[in-house]
Amino acid sequence: AFLIKLGANGSSVYFSSPLGGPDGPPGQVGDETGYSIALGPSFGSIYITGGTTSTSFPCFGQPTIFGSLGGVEHLNVFIIKISNPPINPPQPHIVQALVFLASPDADDEGYGIAVDLSHNAYVTGYTASPSGFPVTAGAFQNQKNGTGIILTDGFIAKINFPAVGAPTRVYC
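Here the structure is a predicted model, which is why all the values come from computation and not from measurement.

### Section: the overall build of the protein chain
Along the backbone of the protein chain there are zero helices and 11 strands. When the helices and strands of the protein chain are placed in sequence order, the string is β-β-β-β-β-β-β-β-β-β-β. Partitioning the contacts of the protein chain with sequence separation of at least 6, the portion at a separation of at least 24 is 59%. As displayed, the protein chain has an accessible area near 8,800 Å², and 59% of this comes from carbon and sulfur atoms.

### Here's the deal with the packing of aromatic side chains
Counted by the stated rule, this structure contains four aromatic pairs. When the ring of Y35 is compared with that of Y111, the centres are 4.4 Å apart and the planes differ by 75°; the resulting orientation is edge-to-face. In this pair, Y35 sits in strand 3 (residues 32–39) while Y111 sits in strand 8 (residues 108–115), placing the two residues 76 residues apart along the sequence. Among the residues examined, Y35 registers a relative accessible area of 39% and is labelled partly exposed. The class of Y111 is partly exposed, set by a relative accessible area of 40%.

### Focus: the nonpolar core
Core analysis: the biggest nonpolar cluster contains 17 residues, and I79, L101, I113, F155, I159 and F161 have the highest contact counts within it. Listed by contribution, the elements that provide at least two residues to this core are strand 6 (76–83), strand 7 (94–102), strand 8, strand 9 (120–127) and strand 10 (153–160). For I113, the contacting residues outside a window of four places in its chain are S36, I37, A38, Y47, I48, T49, I79, A121, Y122 and V123. Grouped together as the second largest cluster of nonpolar side chains are 11 residues, L3, F15, I80 and I82 included.

### A few points about unusual backbone geometry
Notably, H119 is not glycine yet its phi reads approximately 70°, a positive angle. Along the polypeptide, H119 turns up in the loop between strand 8 and strand 9.

### Remarks on the pairing of strand 2 (residues 13–18)
For a regular strand, side chains alternate in direction, first toward one face of the sheet and then toward the other. The sheet contact formed by strand 1 (residues 2–6) and strand 2 spans five bridges and is antiparallel. From the neighbouring strand, F2 faces strand 2, where its bridge partner is P18. The hairpin formed by strand 1 and strand 2 contains six residues between the paired strands, and G10 there has a positive phi angle of roughly 80°.

### Notes on the pairing of strand 10
The element strand 10 is largely enclosed, with a buried count of six among its eight residues. Bridge count for strand 9 against strand 10 is eight bridges, and the pairing is antiparallel. Pairing of V123 across the sheet is with A157, part of strand 10.

Thresholds, definitions, all that
- Residues numbered from 1 in each chain as written.
- Predicted model: local features only at pLDDT ≥ 70, side-chain atom pairs only at ≥ 80, totals over all residues.
- Heavy atoms only, no water.
- Helix = DSSP H or I, 4+ residues; strand = E, 2+ residues; numbered from the N terminus.
- Contact = heavy atoms within 4.5 Å.
- Areas by Shrake-Rupley, 256 points an atom, 1.4 Å probe, with all protein chains shown as cover.
- Phe/Tyr/Trp six-rings, centres within 6.5 Å; stacked < 30°, edge-to-face > 60°.
- Buried < 20%, exposed > 50% of the residue type's maximum accessible area, 1.4 Å probe, protein only.
- Core = buried A, V, L, I, M, F, W, Y, C linked by side-chain atoms within 4.5 Å.
- Pairing = 2+ DSSP bridges.

Here you go:
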């Protein structure tokens, strides 16, 4: 995956950066796809979701993991918050927070994201996991209703990204 900020005329590039980690299936690099992007309520904050086989995205501090990473065999949902992107290179951007929603036995990907004024990210996507996707207590559905590994169920998750501290999962 990658992130590019273009100028208003579309011909100037303010910054460009790949997003992802180096690890993937044996002998390969990680496979990352970003599907959705949202601007946060603070100037310069960007939120992105998608799917990855990598478990080592570069970020400031440790990633927050809900569930069990599927390793390089399965896609996991990633949600990142990038703060203070540079206006002029070469200032680096900061991946302030990284969250994985993951099941160990099947693919999961985030397809849509929106952010409210309190820095809560609302993420939608799919899971193919029969019972390993990390749901919260009292969830409407706590395991996949479809049959077979190919059939998937949708999910919605609410993740809070505080100004200080690790992100928290409000519901999933």
